[in-house]
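# Secondary and tertiary structure notes
Residue strings, one per chain:
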Amino acid sequence: MSIDPMSIDPAIRDELSGYRQSIDNIDAALVHMLAERFRCTKAVGVLKARHDLPPADPAREEYQIERLRRLAQDAHLDPDFAEKFLNFIIKEVIRHHEDIAADLKD
């Protein structure tokens, strides 16, 4: 069901617009933060590959998941969601590290 935006009370429309602008700004910040995180993890992947270290570090991953769950709890964010999000990132980082290691061997 589609609602004509002009049929919404102007005060409500303005409030909604303000929230959406904040969400858009937060999304942009998240993208930039993720890009910076992956820039750092790429450097880690290169270092690991140069020294024949494994792409994955299960102990570090477990520590990070526990840490993120605590941070999420403190921030009133669902810890299960935070863990799923971090697991997704970890999988992607490991994939990148595997690719880096393969490229350095070629």
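Here we summarise the structure given alongside this text. (Residues numbered from 1 in each chain as written. Predicted model: local features only at pLDDT ≥ 70, side-chain atom pairs only at ≥ 80, totals over all residues. Heavy atoms only, no water.)

### A word on the packing of aromatic side chains
Our working rule: Here is the rule: rings of Phe, Tyr and Trp (six-membered ring for Trp) pair when centre to centre is within 6.5 Å. Planes less than 30 degrees apart are stacked, more than 60 are edge-to-face, and the remainder are tilted. Only DSSP runs of H or I covering at least 4 residues are called helices, and only runs of E covering at least 2 are called strands; the numbering of each starts at the N terminus.
Under the counting rule described, the total for this entry stands at one aromatic pair. Ring centres of phenylalanine 81 and phenylalanine 85 lie 6.4 Å apart, and the angle between their planes is 20 degrees; this geometry places the pair in the stacked category. Placement of both phenylalanine 81 and phenylalanine 85 in helix α3 (residues 79–105) is noted, with a separation of four residues, approximately one turn of the helix.

### Observations regarding the side chain of threonine 41
What counts, and what does not: The contact criterion used throughout is that any non-hydrogen atoms of two residues lie within 4.5 Å.
Tracing the backbone through its elements, the reader meets threonine 41 in helix α1 (residues 10–50). Discounting residues that sit within four places of it in the chain, threonine 41 has contacts with Val93 and His97.

### A word on a positive patch on the surface
Keep this limit in mind: Exposure above 30% relative accessible area and the absence of a salt bridge qualify a residue for a patch, where like charges join within 9 Å and nonpolar side chains (Val, Leu, Ile, Met, Phe, Trp, Tyr) within 5 Å. Methods summary: accessible areas were calculated by the Shrake-Rupley approach with a probe of 1.4 Å, and residue burial reflects only the protein chains presented. Whenever Lys or Arg places a side-chain nitrogen within 4 Å of a carboxyl oxygen from Asp or Glu, that contact is recorded as a salt bridge. The charge count includes Lys and Arg as positive and Asp and Glu as negative, but it does not include His or the ends of the chains. Taken as the charge location is NZ of Lys, CZ of Arg, CG of Asp or CD of Glu. Each residue's exposure class comes from its accessible area (1.4 Å probe, protein chains only) as a fraction of the maximum for that residue type: buried when under 20%, exposed when over 50%, partly exposed otherwise.
Taken together, the side chains of Arg37, Arg60, Arg67 and Arg70 present a region of like positive charge at the surface. Ranked by residues supplied to the positive patch, first place goes to helix α2 (residues 58–74) with three residues. Assignment of secondary structure puts arginine 67 in helix α2. Under the relative-accessibility criterion, arginine 67 is labelled partly exposed at 33%.

### Remarks on the packing of α2 against α3
Counted only if it meets this: Helix axes are fitted only over the stretch in contact, all axes being lines through C-alpha atoms; the angle between N-to-C directions runs from 0 to 180 degrees. Left-handed is the label given to a crossing in which the near helix is rotated counterclockwise from the far helix by less than a right angle, and right-handed is the label when the rotation is clockwise. Classes in brief: Ala, Val, Leu, Ile, Met, Phe, Trp, Tyr, Cys and Pro nonpolar; Asp, Glu, Lys and Arg charged; the others, Gly included, polar.
Running from amino to carboxyl end, α2 crosses α3 at an angle of 145 degrees, the nearest separation of the two axes being 9 Å. As for the relative orientation of α2 and α3, their crossing is right-handed in sense. Counting all contacts with α2, which are made through Glu61, Gln64, Ile65, Leu68, Arg69, Ala72 and Gln73, the residues of α3 involved are Pro79, Asp80, Ala82, Glu83, Leu86, Asn87, Ile90 and Ile94. Classifying every residue of the contact of α2 with α3 by side-chain character gives eight nonpolar, three polar and four charged.

### Here's the deal with the pattern of salt bridges
For the structure shown, the criterion picks out five salt bridges. Residue aspartate 80 is joined to arginine 69 by a salt bridge in which the shortest nitrogen-to-oxygen separation is 3.0 Å. With aspartate 80 in helix α3 and arginine 69 in helix α2, this pair connects stretches of sequence that are eleven residues apart. Residue aspartate 80 is classed as partly exposed on the basis of its relative accessible area of 42%. Overall, arginine 69 belongs to the partly exposed group, its relative accessible area being 27%.

### Quick notes on α3
Stated precisely, the cut-off is as follows: Here, expected helix span is obtained from the residue count minus one, scaled by 1.5 Å. We call two N or O atoms a polar contact when they sit within 3.5 Å, provided that within protein one can donate a hydrogen and the other can accept it, with sequence-adjacent residues counted only if both atoms are side-chain atoms.
The end-to-end C-alpha distance of α3, which contains 27 residues, comes to 39 Å, matching closely the 39 Å that a straight helix rising 1.5 Å per residue would cover. For α3, the complete set of buried residues consists of Pro79, Ala82, Leu86, Ile89, Ile90, Val93, Ile94, His97 and Ile100. The elements touched by buried residues of α3 are α1 and α2. Measuring from the side-chain oxygen of the N-cap residue of α3 to the backbone nitrogen of aspartate 80 gives 2.9 Å; that N-cap residue is aspartate 78.

### Section: the layout of surface pockets
In plain terms, the rule: Grid spacing is 1 Å over the protein atoms alone, the probe is 1.4 Å, and a cavity is where that probe fits but cannot get out, while a pocket is an open set with protein on both sides within 12 Å along at least five of seven lines and lining residues have an atom within 4 Å of a point. Grid points are joined across faces, edges and corners, and a volume is the space filled by probe spheres set on the points.
Counted as a void, the largest pocket has a volume near 390 Å³. What lines the largest pocket is a set of 15 residues, among which Met33, Arg37, Leu68, Phe85 and Ile89 lie closest to the centre. Elements with a minimum of two residues in the lining of the largest pocket: α1, α2 and α3. Here the element with the most residues in the lining of the largest pocket is α2; it accounts for five residues. For the lining of the largest pocket, the residue count by class is twelve nonpolar, one polar and two charged. Its boundaries defined by the atoms lining it, the second largest pocket holds a volume of some 280 Å³. Along its surface, the second largest pocket is lined by 14 residues, and Arg37, Thr41, Arg60, Val93 and His97 are the ones closest to its centre. When residues of the lining of the second largest pocket are traced back to their parent elements, those giving at least two are α1, α2 and α3. Split into classes, the residues belonging to the lining of the second largest pocket amount to six nonpolar, three polar and five charged.

So far we have only geometry, and geometry alone does not tell us how the molecule works.
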